[in-house]
Amino acid sequence: MPRAELTIQSIAAGGDGVARAEADGLVVFVPRTAPGDVVVADITPRGTFARGRLLELLTPSAQRVEPRCPHYVNDRCGGCQLQHLDYAAQRIAKSRIIRDALVRIGRRDIAMPGPEVRASEPWRYRRKLTLALRRRAAGDEWIAGLHPHDAPERVFELRDCLITAVEVLSVWKEILAAARHLPLARELRGAVRLDGETASFTVNGGSSWPSSGKLFGAVPSLASLWWEPERGHRTLLHERPSDSPPGATFGQVNAGVASVLQRHVLDRILAHQPKTVVDAYAGVGEMAIALAGQGVQVTTIEIDADAARWSASRLPAGSRSLHGRTEEHLPTALPADVVVLNPPRAGVHADVTSALAVAAATVRCIVYVSCNPATLARDLARLSGWRIASLVGFDMFPQTAHVETVCELTREAA
């Protein structure tokens with residue numbers, strides 16, 4: 001394996017440092033490095049690029065800080081990618097990741113996105129934590145943990161997570177104390193999510209769970225218990241009375257930044273004085289309900305049946321909730337003055353951009369909320385005839401390489 005001295009130039013979308021090998025100009029991605037670092041790394045060519053493994057830090061960057069979390073250093077935890085960068089440098093790196101994706105993939109000539117919204121608290125912000133569960137050889141004892149960034153097949157036991165709210169970790173401790181009641185399996189995945197004052201627990205894996213009621217009874221902090229077996233669909237097994245939205249539906253893990261982002265999206269929509277809005281990938285309909293409160297007629301589209309029902313029960317007369325895939329319902333939901341897209345990391349289906357192209361004459365604005373700059377850029381490349389009216393990054397996930405982006409699009413003719 002060749003070894004080389006490298007100067008790190010920037011941060012890539014996944015959080016790795018990027019350098020160019022002097023010998024052949026090959027681009028090398030080196031985890032846990034910072035722009036300005038001079039390092040020695042083992043290099044493994046992978047066709048048109050190479051992966052590097054940090055061996056020695058010769059000259060540390062001025063952007064480097066000491067990571068706070070022992071797991072980040074001792075267990076090479078893959079949950080965070082940027083704890084070794086100071087917070088200002090993290091935000092600059094994310095702005096550049098957004099711009100680079102839109103220029104390189106989206107073929108858009110843009111300046112840096114608007115200043116990233118700084119998280120009010122870059123630690124203890126996560127209100128959801130998903131862990132890998134592994135049964136110990138002894139029998140009923142389990143460990144819950146995360147994967148090393150360079151050994152994703154392994155799991156280390158998590159003692160603390162400094163970006164996760166202590167309330168979430170407290171619920172996890174209750175669950176592990178009752179872990180003998182988990183499904184009959186060697187490996188599982190579990191997610192604890194806080195929604196207001198209540199918590200939900202979703203288990204993925206296993207084919208038999210005769211003692212689910214015992215686990216639910218042993219963890220009084222839980223408002224709901226969900227299970228998605230190996231060959232089956234997610235099901236609500238147990239529930240305590242609550243006025244909260246369905247506990248297993250998608251929700252932003254950083255409530256503070258999510259609130260700022262939602263206000264920004266609402267402002268951008270209302271700036272176009274719409275009478276009708278399609279809110280695609282609508283979740284439990286928080287944005288739609290806010291718009292309806294402003295007198296806007298809203299059509300929501302959501303694939304999660306529980307979330308769609310929750311939204312439908314709260315929308316006023318004149319608005320409606322559609323359950324299913326956005327690519328199936330959008331053509332009939334249009335025309336509308338504004339279309340909101342808030343897809344998962346995979347971005348939107350090609351049929352969505354095709355439907356928007358057909359209805360372009362009647363749509364004034366598209367507001368696209370993205371958690372993946374690469375798929376946002378790909379989808380923008382499909383949306384010819386639309387210009388970027390505003391672009392703002394939101395640091396929803398400090399210490400990680402993930403970033404949320406809100407892109408406002410208007411017709412070029414406008």
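To start, this report covers the structure provided alongside it. Please read these numbers as outputs of a predicted model, since none were measured by experiment.

1. Points about the side chain of S212
Structurally, the position occupied by S212 is in helix α4 (residues 212–218). When its relative accessible area of 9% is taken as the criterion, S212 is described as buried. Engagement of the side chain of S212 in a polar contact is seen with the side chain of H238, the distance being 3.0 Å. Those residues in contact with S212 that lie beyond four places of it in its chain are H181, L225, L237 and H238.

2. Focus on the sheet that holds strand β13 (residues 222–228)
Strand order in this open sheet of seven strands is β10-β9-β8-β11-β12-β13-β14, and the pairing throughout is mixed. Strand pairing shows two members of the sheet lacking a second neighbour, β10 (156–157) and β14 (235–239), which therefore form its edges. As defined by bridge partners, strand β12 (residues 198–204) adjoins β13 across six bridges and the pair is classed as parallel. Note that in β13 the partner of A199 across the bridge is L222. Running at roughly 140° to strand β11 (residues 187–195), helix α3 (residues 166–177) makes contact with β8 (128–135), β9 (142–146), β11, β12 and β13 of the sheet.

3. A short note on helix α9 (residues 350–358)
Along an α-helix, residues three or four positions apart point the same way, because every turn accommodates 3.6 residues. When α9 is considered as a whole, its buried residues turn out to be V352, T353, A355 and L356. Seen end-on, α9 carries its buried residues on one side only, within an arc spanning 155°. Away from its buried face by more than 90 degrees, α9 exposes A357 and V358. Tucked inside the fold, the buried residues of α9 contact α8 (326–333), β18 (338–341), β19 (365–370) and α10 (373–382).

4. Quick look at the sheet that holds strand β1 (residues 3–7)
Taken in spatial order, the six strands make up an open sheet running β1-β5-β6-β4-β3-β2, and their pairing is mixed. Each of the sheet's edge strands pairs with one partner strand only, and the pair in question is β1 and β2 (10–11). For strand β3 (residues 17–20) and strand β4 (residues 27–30), the ladder comprises four bridges, and the chain directions are antiparallel. In the sheet register, G17 faces β4, and the bridge partner there is V30.

5. Here's the deal with the packing of helix α2 (residues 87–104) against α10
As a packed pair, α2 and α10 sit with axes 8 Å apart at the nearest point and diverge in direction by 30°. On the basis of the axis angle, α2 is roughly parallel to α10. In this structure, α2 crosses over α10, and the sense of that crossing is right-handed. Between α2, through I97, I98, A101 and L102, and α10, the contact on the second element is made entirely by P373, A374, L376, A377 and L380. Considered class by class, the residues forming the contact of α2 with α10 number nine nonpolar, no polar and no charged.

Calculation criteria
- Chains are numbered independently. Their residues run from 1 in the order of the written sequence.
- Totals for whole chains, interfaces and linings use all residues, but because this is a predicted model, local features are given only for residues with pLDDT of at least 70 and pairs of side-chain atoms are given and counted only at 80 or more.
- To get the side-chain values, take all heavy atoms of the structure and skip hydrogens and water.
- Secondary structure elements are taken from DSSP: a helix is a run of H or I of four residues or more, a strand is a run of E of two residues or more, and numbering for both begins at the N terminus.
- Summary of the burial criterion: residues with accessible area below 20% of their type's maximum are buried, those above 50% are exposed, and those between are partly exposed, where the area comes from a 1.4 Å probe applied to protein chains only.
- Here a polar contact means two N or O atoms within 3.5 Å. Within protein one must be a hydrogen donor candidate and the other an acceptor candidate, and residues neighboring in sequence count only if both atoms are side-chain atoms.
- Working rule for contacts: check all heavy atoms of both residues, and any pair within 4.5 Å makes them a contact.
- Here the rule is simple: two strands pair whenever DSSP picks up at least two bridges between them.
- Interaxial angles span 0 to 180 degrees and are taken between N-to-C directions of axes, which are lines fitted to C-alpha atoms, for helices over the stretch in contact.
- To be clear, the arc concerns the directions from the helix axis to the C-beta atoms.
- Working definition: roughly parallel below 35 degrees, roughly antiparallel above 145 degrees, roughly perpendicular at 65 to 115 degrees, and oblique for all remaining angles.
- Left-handed describes a crossing whose near helix is turned anticlockwise from the far helix by less than a right angle; the clockwise case is right-handed.
- Polar here means any residue outside two lists: the nonpolar Ala, Val, Leu, Ile, Met, Phe, Trp, Tyr, Cys and Pro, and the charged Asp, Glu, Lys and Arg; Gly therefore counts as polar.

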